[in-house]
Number of protein chains: 2
Amino acid sequence: MKFIRVNMSDKTIAVEDVPQSYLGLGGRGLTSIMINTEVPPRCDPLGPENKLIFAPGLLTGTSLVNTSRISVGAKSPLTGTIKESNAGGTIAAALGRLGITAVIVEGQAAPEELFLLRIDEKGRAALLPAGAFKGMRTYALTEKLLETYGDKASVMCIGPAGEYGLKAASIQTSDIDGRPCRAAGRGGLGAVMGSKGLKALVVDQRGSSPDALADPETFKESAKAFAKAVREHPFSGQLLPNLGTAGLVAPVNAMGAFPSYNATKGTMDGWEKISGEAMTQLISERKGNPSHMGCAQCIVHCSNIYNDKDGKYLTSSLEYETIWAMGGMTGIDNLDTIARLDFLCDDIGLDTMSTGVAVAVAMDAGYKKFGDGEAAIELIEEIAQGTDMGRVLGNGPTAVGQHFNHHRVPVVKGQSIAAYDPRAMQGNAVTYATSPMGADHSAGNVIGEYMAQKLDPLKREGQVEASRNTQIAMAAVDCTGLCLLASFALTTPEGGMAFLQAMNAKFGTQLGPEAIPQLGLRVLQAEREFNRKAGFTNQDDRLPEFFYKEPLPPHNTVVVMTGEDMDGTFNF
Amino acid sequence: MKFIRVNMSDKTIAVEDVPQSYLGLGGRGLTSIMINTEVPPRCDPLGPENKLIFAPGLLTGTSLVNTSRISVGAKSPLTGTIKESNAGGTIAAALGRLGITAVIVEGQAAPEELFLLRIDEKGRAALLPAGAFKGMRTYALTEKLLETYGDKASVMCIGPAGEYGLKAASIQTSDIDGRPCRAAGRGGLGAVMGSKGLKALVVDQRGSSPDALADPETFKESAKAFAKAVREHPFSGQLLPNLGTAGLVAPVNAMGAFPSYNATKGTMDGWEKISGEAMTQLISERKGNPSHMGCAQCIVHCSNIYNDKDGKYLTSSLEYETIWAMGGMTGIDNLDTIARLDFLCDDIGLDTMSTGVAVAVAMDAGYKKFGDGEAAIELIEEIAQGTDMGRVLGNGPTAVGQHFNHHRVPVVKGQSIAAYDPRAMQGNAVTYATSPMGADHSAGNVIGEYMAQKLDPLKREGQVEASRNTQIAMAAVDCTGLCLLASFALTTPEGGMAFLQAMNAKFGTQLGPEAIPQLGLRVLQAEREFNRKAGFTNQDDRLPEFFYKEPLPPHNTVVVMTGEDMDGTFNF
């Protein structure tokens, strides 16, 4: 349990004990509570007062499966709110094995300076000049860094987009194979990393000083039981290993909730061509890997390796939200083009979702034609080149809407919605509007309720409760390092019990089941407090007008959730 | 007393009696109360639900001097708030002579349609196709319209910027000489006009059906007394006729309150070269007119006609705020270049202030060098051409700051400050932060208090009261059609009394002096109510952070007004 605090202004690195007030926190809980405590809410997100915090989860670094998420927190330049964006890969586990609770990046290097932060297998940290890597894209950079620091290193880094300070800039992180295909994509945190003058964080995976377990035997047992629960859940045990998250393309289109052509339709013409089924078949034919282990300790294998028609690597970890943003929203029904766009975003360091939606808004405004894949590729190359239009696109959908004076911009607090139209999934309307993170599906996706047919997605009834409960649960899950795709196992009695037992066995506590939602509430309260101090009010917890006015085919419904519904969501 | 309501969706024009609830209102009072009543606060400012209202003041069309201001109101695409932007020229008087209380433009024409609204000497209105004028700049357009409709017509129109829907787009209006050099510049209302599909409003000046005066004899007497008060006030009787508003360059630089080089200094190097004194001398040498009557019934003559070194027309009505934005903020110390930039903005239909500050932010971000006049001219031509960079600039300083990821953007609610740095004039900090219009000097400029040495501009004491009282007074003045430059006469006992007597003589009322602030309060309350319903809160009534953090030379002070000061400004 230790903090590594790096001051980019004076280049000092302090290793400190975790202060009392932060003890027992990890992942999103730690980043959010720390930001609410230490970052001036009205500061410039790209100025020296903001802090960029990397925190593995509470259970990361243990033997528990699928606990390799890293939370990255800061005040977001995209939304102006507090933000936690989390990513898979291997770096969280690497930090966990070193007993590092968080890496906190403070201050700001001079404008032309660029550094990387290296943490070696003993947990020793050093700031090293990285001027030679200026402007480098993430695949080339990661390859170079692994050459230098060995293939037992994990990398988090930014591409040109983050260096430019663009609001759709991601932080990419390396997967099991050392490819920077996993991303803390949302909220423009790559721009915060760029503003600090930090190009990369490189952590050795061979640490052997993880935090001790209070009760190793019980931990081992519960870890085994939890793994079983993950394997036995139909979502994490069957759908995801077979089709990846892309398995959602078919059901969400069937539900008429797949925002297409910049959210003017709820079903995409030809969605079958970009479905999980089509992708799995194509990947198999081309000798890629449709069920790839992307993250340390993953047993779900939702990832993939996608080759082109000649069997050459195109991208890894092509996911549902990317297929939607780059396919459904833009009307591009060619998986190879979508895979190429995914690779380009990873390589340039861009959130595929914000970027895809930005392109879709530009198409809707008449700048390019829906479905024009070549145009989309050129536009994204423009972002890397830093042209004027590239900057507009790289600042996300709001900037594009303003640029073209186009009213249909599907964002909340500046951040694009995800692949679930709020008009056809009213509970996600509530999450998009009220999440302290802007429109963010991972903050409380209600789709599980609809797929289990527990709730009618089109009716007002029950949506506020469903969104509230999911947001609370996700806030807790995001503290633990557990992947949200494996977290479905928590909804079974065995899985929930095993997970709680593992927590207690690690910390020597006797937490009951109520401890999980309590943790979620604490995190959400801190996040909302920060946002209030930053100037946000309930009036910001609203969707853009067109969602209330323009009916979405095929159901031809609009958002029916009222302002009072939104205001009543956080009733604690 | 009648309304002309024009529906751009179905092209209907209705002439209606002024409804009971709007009786007794004019200018800003009418536009703001009407918008608060009729426009959905959360509507898209460039969508069909917004309304664009042209309203002469309560005394416009009478013989009272300097009452030829027209108020233009709408929800602003720049600030998102309610907005009244007023302009001089001749069109307000033309409407007044026709007994037209307001022209209300509603709905929205189809995207490719373009119309002009003509009102003839009998007050008959017609929507005429204006597709032939698409993309035309305002000087050529106005010339063409006056050719067609006769030189006894007054014009309000937009240039390419308004057609593009840019947030810095102005509505230009013709002066006494038929030149479109006067502007309702602030708030991007030119974009609203463009969004409606309305290129121009043409009103015949030969109307002879003004609203009747209740007591013509008393009116005549009080009009005479008021004119005397205007002539005898040192500001409106001496400084303005001699130097124009540019007479403020010297004293505001002396006060260290002239925001220069994108508000990094409070005094501009070489300000003497762009002062009122220098301008008057230059204009005289070149046989221009340094004391020109720009507006109908004006006896102040703050306007000018500015010729180039060969005696050829360069621009008219070159004013203090333009000289500041295009000179001080950009570091351009050449009056001919500033005059050219002024002309270009008028011709393209751009607010000189937002545009100048947008260029200054781009320079500060390193895109061009401070002081580079040729670069500034090229950038503004780019706005007319609609290039990507042109669109960024034409959307104002906030868009430029975002584009270049530059933190120093001197705006409130998206609208640029004016030529009084809030760090050296703390009362204007309060006005910028709290005005329902965004940073807007004309909503409550406290400079009069400082020049009269009634208040120390650097100290916290007395500023809130000074801003509050000035904002209330200006809200009332803006209802009457009176030019704010002539309104200094209201502060003398004779002037105040004469003006009140004229109001009573027109309306047959017995209003006491308290009626004026009461009117101002009523207007501000309606405006603030609209903004609250649109989602604004007290947290929006703040300046950007750098004003609190970066001391301004030469006083090296920051804004000392607190959040509580701002929140306590409207204590009614």
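What counts, and where the lines are drawn
Residues numbered from 1 in each chain as written. Chains lettered and ligands numbered in written order. Predicted model: local features only at pLDDT ≥ 70, side-chain atom pairs only at ≥ 80, totals over all residues. Helix = DSSP H or I, 4+ residues; strand = E, 2+ residues; numbered from the N terminus. Contact = placed C-beta atoms within 7 Å. Buried ≥ 20, exposed ≤ 12 C-beta atoms within 10 Å, placed from the backbone. Nonpolar A, V, L, I, M, F, W, Y, C, P; charged D, E, K, R; others polar. Pairing = 2+ DSSP bridges. Axes fitted to C-alpha atoms, helices over the stretch in contact; angles between N-to-C directions. Core = buried A, V, L, I, M, F, W, Y, C linked by C-beta atoms within 7 Å.

A.B. asks: I would appreciate a short explanation of the overall build of chain A in the present structure.
C.D. replies: Scanning chain A from terminus to terminus reveals 22 helices and 17 strands. Each principal axis of the C-alpha distribution contributes one length, and for chain A these read about 55 × 50 × 50 Å. When contacts within chain A are restricted to residue pairs at least 6 apart in sequence, those whose partners lie at least 24 apart make up 73%.

A.B. asks: In this structure, what is going on with the environment of A:Pro45? I would like to understand it.
C.D. replies: Residue and element names in this part refer to chain A. Position of Pro45 relative to the elements: it lies in the loop between α1 (27–38) and β3 (52–56). Using a count of 26 C-beta atoms within 10 Å as the deciding quantity, one classes Pro45 as buried. Sequence-wise, Pro45 and Thr264 are 219 residues apart; in three dimensions their C-alpha atoms are separated by 33 Å. Among all residues touching Pro45, those that are not within four sequence positions of it are Asn50, Ala74, Lys75, Ser76, Pro77 and Val192.

A.B. asks: Can you walk me through the interface of chain B and chain A in this structure?
C.D. replies: Often, the extent of an interface is quoted as the loss of accessible area upon association of its parts. With 22 residues of chain B at the contact, the number on the chain A side is 22 residues. Elements with a contribution of two residues or more to the side of chain B that touches chain A: α14 (388–394) and α15 (397–404) of chain B. Here the side of chain B that touches chain A gets four residues from one element, more than from any other, and that element is α14(B). Tallied by class, the residues present in the side of chain B that touches chain A amount to six nonpolar, 10 polar and six charged.

A.B. asks: In this structure, what is going on with the sheet that holds strand β11 (residues 182–184) of chain A? I would like to understand it.
C.D. replies: Strand pairing in a sheet takes place through backbone hydrogen bonds and is either antiparallel or parallel in direction. All names here are of chain A. If you trace the six strands from one edge of the open sheet to the other, you get β8-β7-β12-β9-β10-β11, paired in mixed fashion. Two strands bound the open sheet, and with one partner strand each, they are β8 (125–129) and β11. Direction aside, neighbouring strands of the sheet carry axes that sit 20 degrees apart on average. Relative to strand β12 (residues 198–204), strand β9 (residues 153–157) runs antiparallel, the two being bridged by five bridges. Following the sheet pairing, Val155 is matched in β12 by Val202. Its contacts with the sheet place helix α5 (residues 189–196) against β10 (171–173), β11 and β12, and it is angled at close to 95 degrees to β10.

A.B. asks: Please clarify how the nonpolar core should be interpreted in this entry.
C.D. replies: Nonpolar side chains in soluble globular proteins tend to be buried together. Judged by nonpolar contacts, the single largest core of 186 residues is most densely connected at A:Ile53, A:Val103, A:Ala200, A:Phe226, A:Ile323, A:Leu393 and A:Ala502. Setting aside anything within four residues of it in sequence, one finds A:Val103 in contact with A:Ile4, A:Val6, A:Phe54 and A:Leu201. Counting 185 residues, the second largest nonpolar core, distinct from the first, contains B:Val249, B:Met268, B:Met329 and B:Ala505.

A.B. asks: Whenever I open this one, helix α16 (residues 426–434) of chain B confuses me. Can you help?
C.D. replies: The α-helix winds at 3.6 residues per turn, so residues separated by three or four positions along the chain end up facing the same way. Of all nine residues in α16(B), nine are buried, a share of seventy percent or more. All of the buried residues in α16(B) are B:Gln426, B:Gly427, B:Asn428, B:Ala429, B:Val430, B:Thr431, B:Tyr432, B:Ala433 and B:Thr434.

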